[in-house]
Amino acid sequence: MSFLEWRRFNFFDINHNADSKKISQIIGNSKITSTSSGNGYLVICDDDGLVHLITRTFQVTTFRAYQSAVLLATQLQYSNFLVTIGIDEPDSNAILKVWDLERRDRQSNPICVRSTKLSKSEKPTTLCATDNRLLMAVGFVDGCIALYKGDLSRDRNSKPKMLKELGQEITGMAFSSVIKNQWYLFVSTASSVQQFNVTSKDSCPMTILDAVGCDFKCSVLVNGPDSHFMIAKEDAIYCYTVDSRGPCYVVGGKKIILQWFRSYLIIVSKEVEKSSNTVTVSTTTKNFDEIESVSITILDIQNKFIVFTVTIREILSVLPEWGSLYILTTGGNLSQLIEKDLQSKLTVLFKKNLYDVAVRMAKCQQYDSQALIDIFRQYGDHLYTKGDHSGAVEQYIKTIGKLEPSYVIKKFLDSQYIESLTTYLHALHKSGNATKDHTTLLFNCYSKLNSVDKLQEFIITKDENIDFDVDVAIQVCRQSSPENALKLAEKHDRHSLYIKILLEDRYEYTAALEYIEKLSTEQSVQTVKQYSNVFMENVPKETVTFLKKLCSTSYTSGNVDLSDSSAQPEDFIYLLLDDSECLVDFLEHFENYLDKWSTSLLNIYIEHCLIVWKNESNQEKRTTIENKIINILQSHDIKTCDYYQVLILAMSFDFKPAIVYIFEHNKQYTKLIHYYLSLSDYSAAIDCCRKYGPTEPMLWILVFNTAMGDEMFPSSMLEEILNEIEKKSLLSAHFTITSLIKSKNVKIGHIRAYLTSLFGAEKKTFEKEKEMVNKYQKDSENIKNTIQKLKNCAIVFQGLRCSACNNQLELPSVHFMCQHSYHQHCFQAFSESDNDCPACTPNNKKIMDVIRTQGQIKDDEALHNQLKQTTDSFSLISEYFGRCLFDDPSTFENQLAKFKLSSPVLLSPKLVVPAVQTPPKLSPILAVRTIKPSTNPFDEDDDDQMRYDDNKNPFKTDYDETKNPFADDM
Amino acid sequence: MSYAYLFKYIIIGDTGVGKSCLLLQFTDKRFQPVHDLTIGVEFGARLVAIETKPIKLQIWDTAGQEAFRSITRSYYRGAAGALLVYDITRRDTFNHLTTWLEDARQHSNSNMVIMLIGNKSDLEAKREVKKEEGEAFAREHGLVFMETSAKTSDNVEEAFINTAKEIYEKIQEGVFDINNEANGIKIGPQHSTGNSSIPGGNNRASGNGCC
């Protein structure tokens, strides 16, 4: 009954007589007192004081440790130290020895590195040490525990710490370290389990864990993350953690040995019920001899099954070493238990169809995922053949990710398994391993199963975990249930698909529009662009309304970038091109944002306005449109409004207001007048002339010329034109009259006024000039007389006062022809040279300088250049003449010299020399007149009324470019 | 893994009522349809929060079979709470409740909070014990009652947490002597010192505190 509930397997192979009887030979008649294993050795001690070290190849090293007997031995697990307690001499305290198995003496015996006599005379019962060699404990028969601290391989005379007496012999001890550097000592007696915290140096507090105890060798420490101290009682195995009781496993039978190997619990127990051949059932377990027939059972605690059981006589100890278990009997027979490899274990399980167990075990042993999946697959296959399809699918689902899904799908393709298939596919999607085909298949399954709800659930509840190709899903859904497809599309932002379904399958155009409206601008623009044609065909009005909204967002949003993302009205214009009225309506929606319109948009708008205007019969509406267009033109600056484009449009539509406006705006008055004239709108042309004539007189000439050629030109207006031409002297009278003569329809009545005023003016001019001639003649006559006088007559110096000091003139005095007289001393004081009159010198000097500079200009080369460049060579030449530049320079110099030589007349009281000298040819006054720069010798007078008018000069440099009718662009 | 208190629970009831499944659902949040019989006592733990205090629940899941009764009995001692489970689809498990209750009362400390659980509430079609009967039994014996389903995890969480709440309340009322570990309550490592709100929670031996 003991293992009734545990599953049984056989995961171990037993190898009897593993040592070829070597051990039994060595031991001979001695009795084995203690065994241990670790660090590559099996250690067997006997009552003769010998220690036998057995290597893996069963080579035995025997050395004498004690003279009398070895009582206890512990081989450290991972270090080369062996701790023994034995007796050298009877009736003395036992001696604790530590052996270094690496260091050997000449007889190749290990060296004893420490030998300490135990402080108590009582019999030691248990011995344990930690692997780091820092802690060691010896338990005594009276319940005392001696705790040794510090490096136990050193022979130090440190006194052991005696722990609290428990009053009962110590049956088991184990050091455990759950947390780093926290050491606990589990101690079991026959009737209690307790724990000492041996971390601190001074106190070792005890915690009683339970009031049950165990026999010798019936306790074991399980190291690992959840470290347990296990004790075996007759009814069960109890586990303890450092602070409390743990689980317990019910295993019947009287336990003799408890051992731990890998993840297995090894129990050696007496077969109480079965073993009828058991000779004695001893209540005191001191003597191993009494054990005759016992069974060894290996338990897998985690998976809860018995992995091995065998009956062997006289088991003395179970030693784990070299990756397997060794069972030593009292007689020195050694049997080896070898664990089967995982694959053969799994094969056993597969044979029994215990796949779940196999999986659990494989997982426990860190089996790789590929192999695990293979188990799942086998499990699935097994369930499948058994007909448990849903169960099989459950297993197959676990293979997702590694196993090719088609392997599974193929098995379930039969329509009766469709439900299982659906489950599998669903899981496949959940794990994100589904391909397009799987999605298609799943959706088809759903539709075949008629489980629209499930499908919907799948679609709607789809979270991030379930991944499938949405596009495929939509495609599949579309065929079966457009509603689901729609939901799917909506959920996954497949807007374009959503719209497509709406439009192509359900013809719900308005709904589609509403849907688009909800989207972000960017998305809606894309979608609308894609399907705009369809919308326009079916729901034009709604579409336009929608587009209006859409596009206005792009304006209201503020940043109008020309990227594709925002909705530009331009993008949708092509939809409405056929319907100008609609287009105009559409564009007018954005009137408020006119300033943001692009040029092309504006042009299109104007164009379509014009189309509407043209087709409009209602005069009132026409006027409204006219005003609108003009308003637009007026409100726009030249940057956005392409006037030429508009002009062409206006021309092609004969839209007069715009044409006029643009001409005016561009100051192309000439063109404007041409336009007017081409329309035979003469009064408007004249108006235009009146308006812009002051700035651009040429307009009048233009009108005049046209009037001359055009028979239709109303002659009544001619009068005004002529008047203007005359007033502004736009045309020479000769030309005007010639033109007038050529014209056929000009009546004399119309030009009479012109002619009259023309002739009147001519006459006046003539008279004026005549007067001037007379005046100049008189002047020259006077000058001639003066010269004559100076040349021929005596000059009387009548000056009474000195021109310098203004005092009465006294002799000696100096007189000049210029009628200035000076005291001689005054003259000498003032004059710079003897020959010049100080009063006149500055003036004369100026004149002389001017004359000199004029002379310097003279250069043939320069003149020729100038002549080449200038168009009016005549005036240039005349200017040169005027400056006397063609005179012989030498004569000029002579003249100058003569002029200078006119020495003054010195009057002294004694010598009065009447100065009769050659006067200078030119009087100072005359000279001034002649050399006045800029004076054209052909000019009649300075203050001539017929001044040269700059305006008349077409080559004037500051000519306004804008007035040039040939200017190619603005 | 710091906690303010550690409560020890024990789950008892007839074999096959779903004790292990309740524990598995509570600790691992999964359900195993085929579960081996519990042999002996199993062990589970989970950290929960009661009034924002982290509380570790240490749960002993006992074997229900009569044969193991003697072993499981020893675990009553040192449990602060007990979940007495019966199967609503099996009348006999309900009938045995009195025996279980007597057992529990006899072997546990008197303050142990016992919650009556009617498990397998998902199998409504096979129900043999009415909910009202369970409620009546609980009222009669001063237990808290709840129907759960370890399969659907319905009420499982609540069952464990409500028990913990009740224990916590009792601690606040001072009913439990938290210094006596036999009551199945332990103060967490860092809460052992200087927690004045707990009556008597002062002179804990440092050796025990850090275990």
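Residues numbered from 1 in each chain as written. Chains lettered and ligands numbered in written order. Predicted model: local features only at pLDDT ≥ 70, side-chain atom pairs only at ≥ 80, totals over all residues. Heavy atoms only, no water.

As its UniProt record puts it under Sequence similarities (unreviewed entry), chain B is described as follows: "Belongs to the small GTPase superfamily. Rab family." (UniProt positions renumbered as here; feature names shortened; annotations may be inferred.)

As recorded in an unreviewed UniProt entry, chain A goes by the name Vacuolar protein sorting-associated protein 11 homolog, listed as coming from Cinara cedri. The record held by UniProt for chain A lists under Sequence similarities (unreviewed entry) the comment "Belongs to the VPS11 family."

Another point: the overall build of chain B. A count of helical and extended segments in chain B gives seven helices and seven strands. Listed by position from the N terminus, the elements making up chain B come as β-α-β-β-α-β-α-α-β-α-β-α-β-α. Taken over 211 residues, chain B has a buried fraction of 54%. Residue pairs at least 24 apart in sequence account for 72% of intrachain contacts in chain B once pairs closer than 6 positions are excluded. Per element, the accessible surface of chain B, about 8,900 Å² overall, is 47% carbon and sulfur. (Helix = DSSP H or I, 4+ residues; strand = E, 2+ residues; numbered from the N terminus. Buried < 20%, exposed > 50% of the residue type's maximum accessible area, 1.4 Å probe, protein only. Contact = heavy atoms within 4.5 Å. Areas by Shrake-Rupley, 256 points an atom, 1.4 Å probe, with all protein chains shown as cover.)

All names here are of chain A. If you walk across this open sheet you meet the four strands as 11-12-13-14, and the pairing is antiparallel. Looking at which strands have only one partner, the edges of the open sheet turn out to be strand 11 (124-129) and strand 14 (161-163). Shown here is a sheet whose adjacent strand axes are inclined to one another by a mean of 20 degrees, direction ignored. Pairing of strand 11 with strand 12 (residues 135-140), which is carried by five bridges, proceeds in the antiparallel orientation. Bridged to alanine 129 within strand 12 is methionine 136. (Pairing = 2+ DSSP bridges. Axes fitted to C-alpha atoms, helices over the stretch in contact; angles between N-to-C directions.)

The subject of this paragraph is the interface of chain B and chain A. Listed by partner, the interface residues are 23 residues for chain B and 23 residues for chain A. Where chain B touches chain A, the interface holds zero salt bridges. Across the chain B-chain A interface, the total number found is three residue pairs in polar contact (both at pLDDT 80 or more). Those elements giving two or more residues to the side of chain B that touches chain A turn out to be strand 2 (41-50), strand 3 (53-62) and helix 7 (206-209) of chain B. Partitioning the side of chain B that touches chain A into residue classes produces 10 nonpolar, seven polar and six charged. (Salt bridge = Lys/Arg side-chain N within 4 Å of Asp/Glu carboxyl O. Polar contact = N/O pair within 3.5 Å; in protein donor to acceptor, adjacent residues only side chain to side chain. Nonpolar A, V, L, I, M, F, W, Y, C, P; charged D, E, K, R; others polar.)

Turning our eyes to something else, we now look at the side chain of A:Ser219. Of note, A:Ser219 is situated in strand 19 (residues 219-222). Apart from residues lying up to four places away in sequence, A:Ser219 is in contact with A:Gly172, A:Ser188, A:Cys214, A:Phe229, A:Met230, A:Ile231 and A:Leu258.

So, about unusual backbone geometry. If a residue is not glycine, its phi is most likely negative; likewise, a peptide bond is most likely trans. Residue and element names in this part refer to chain A. The residue arginine 133 is not glycine, and still its phi comes out positive at about 65 degrees. Looking at arginine 133, the relative accessible area reads 24%, which means it is partly exposed. Of note in this structure, tryptophan 322 is not a glycine but carries a positive phi near 55 degrees. By the secondary structure assignment, tryptophan 322 is in the loop between strand 27 (315-321) and strand 28 (324-329).

Residue and element names in this part refer to chain A. Taken as a whole, this structure holds 18 aromatic pairs over all chains when the rule is applied. Aromatic side chains phenylalanine 9 and phenylalanine 305 sit 4.8 Å apart centroid to centroid with 80 degrees between the ring planes, which places their arrangement in the edge-to-face category. On the criterion of sequence distance, the pair formed by phenylalanine 9 in the loop between strand 1 (7-8) and strand 2 (12-15) and phenylalanine 305 in strand 26 (residues 305-313) is long-range, its members being 296 residues apart. Both residues of the pair, phenylalanine 9 and phenylalanine 305, count as buried. When the centroid spacing of 5.5 Å and the interplanar angle of 80 degrees are considered together, the rings of tryptophan 322 and tyrosine 326 count as edge-to-face. In this structure an aromatic cluster arises from ring pairing among Phe9, Phe11 and Phe305. We note lysine 97 situated over the ring of tyrosine 66; from NZ or CZ to the ring centre the distance is 4.6 Å. Looking at lysine 120, its charged tip hangs above the ring of phenylalanine 140, at a distance of 6.0 Å from the centre. (Phe/Tyr/Trp six-rings, centres within 6.5 Å; stacked < 30°, edge-to-face > 60°. Lys NZ or Arg CZ within 6 Å of the ring centre and 35° of its normal.)

One finds A:Phe12, A:Ile296, A:Ile298, A:Ile315, A:Leu349, A:Ile375 and A:Phe412 to be the most contacted residues of the largest nonpolar core, which totals 62 residues. The biggest single contributor to this core is helix 4 (residues 369-386) of chain A, with eight residues. Contact partners of A:Ile296, with chain neighbours within four places excluded, come to A:Ile266, A:Ile267, A:Val268, A:Phe308, A:Thr309, A:Val310, A:Ile315, A:Val318, A:Ile327 and A:Leu337. In this structure, A:Ile301, B:Ile10, B:Tyr75 and B:Phe94 belong to the second largest nonpolar core, which totals 60 residues. (Core = buried A, V, L, I, M, F, W, Y, C linked by side-chain atoms within 4.5 Å.)

Residues and elements named next belong to chain A. The four strands lie next to each other as 3-4-5-6, forming an open sheet whose pairing is antiparallel. Among the strands making up the open sheet, the edge pair consists of strand 3 (32-38) and strand 6 (60-64). Strand-to-strand twist of the sheet, defined as the mean angle between neighbouring strand axes without regard to direction, takes the value 20 degrees. Where strand 4 (residues 41-46) and strand 5 (residues 50-54) come together, four bridges link them in antiparallel fashion. By the bridge assignment for strand 5, cysteine 45 is matched with valine 51.

UniProt records the feature "coiled-coil region" (unreviewed entry) at residues 766-793 of chain A, using the numbering of this structure. Split by type, residues 766-793 of chain A is 96% helix and 0% strand. Its first and last C-alpha atoms lie 40 Å apart.

So, on to the environment of A:Ala190. Residues and elements named next belong to chain A. Topologically, alanine 190 is positioned in the loop between strand 16 (184-189) and strand 17 (193-197). The class of alanine 190 is partly exposed, set by a relative accessible area of 37%. Placed 25 residues apart in sequence, alanine 190 and aspartate 215 show a C-alpha to C-alpha distance of 5.7 Å.

Okay, the pattern of salt bridges next. Residues and elements named next belong to chain B. Evaluation of the coordinates by the stated rule reveals 19 salt bridges over all chains. Note that arginine 127 and glutamate 124 form a salt bridge whose closest N and O atoms lie 2.7 Å from each other. The class of arginine 127 is partly exposed, set by a relative accessible area of 23%. Glutamate 147 is paired through a salt bridge with arginine 127; the nearest N and O atoms lie 2.6 Å apart. With a gap of 20 residues between them, glutamate 147 in strand 6 (residues 144-147) and arginine 127 in the loop between strand 5 (113-119) and helix 5 (131-141) connect regions that are remote in the sequence.

Another aspect to go through is the side chain of A:Ser188. All names here are of chain A. Mapped onto the elements of the fold, serine 188 is located in strand 16. For serine 188, a relative accessible area of 0% puts it in the buried group. Leave out the neighbours within four places in its chain, and serine 188 touches Glu169, Ile170, Thr171, Gly172, Val193, Gln194, Cys214, Ser219, Phe229 and Ile231.

Residue and element names in this part refer to chain B. Taken together, the side chains of Glu51, Glu166, Glu169 and Glu173 present a region of like negative charge at the surface. Take glutamate 166: it is sitting in helix 6 (residues 156-173). Taking the relative accessible area as the measure of exposure, glutamate 166 reaches 30% and is therefore partly exposed. (Patch = residues over 30% accessible without salt bridge, like charges linked within 9 Å, V, L, I, M, F, W, Y side chains within 5 Å. Lys, Arg positive; Asp, Glu negative; His and termini not counted. Charge placed at Lys NZ, Arg CZ, Asp CG, Glu CD.)

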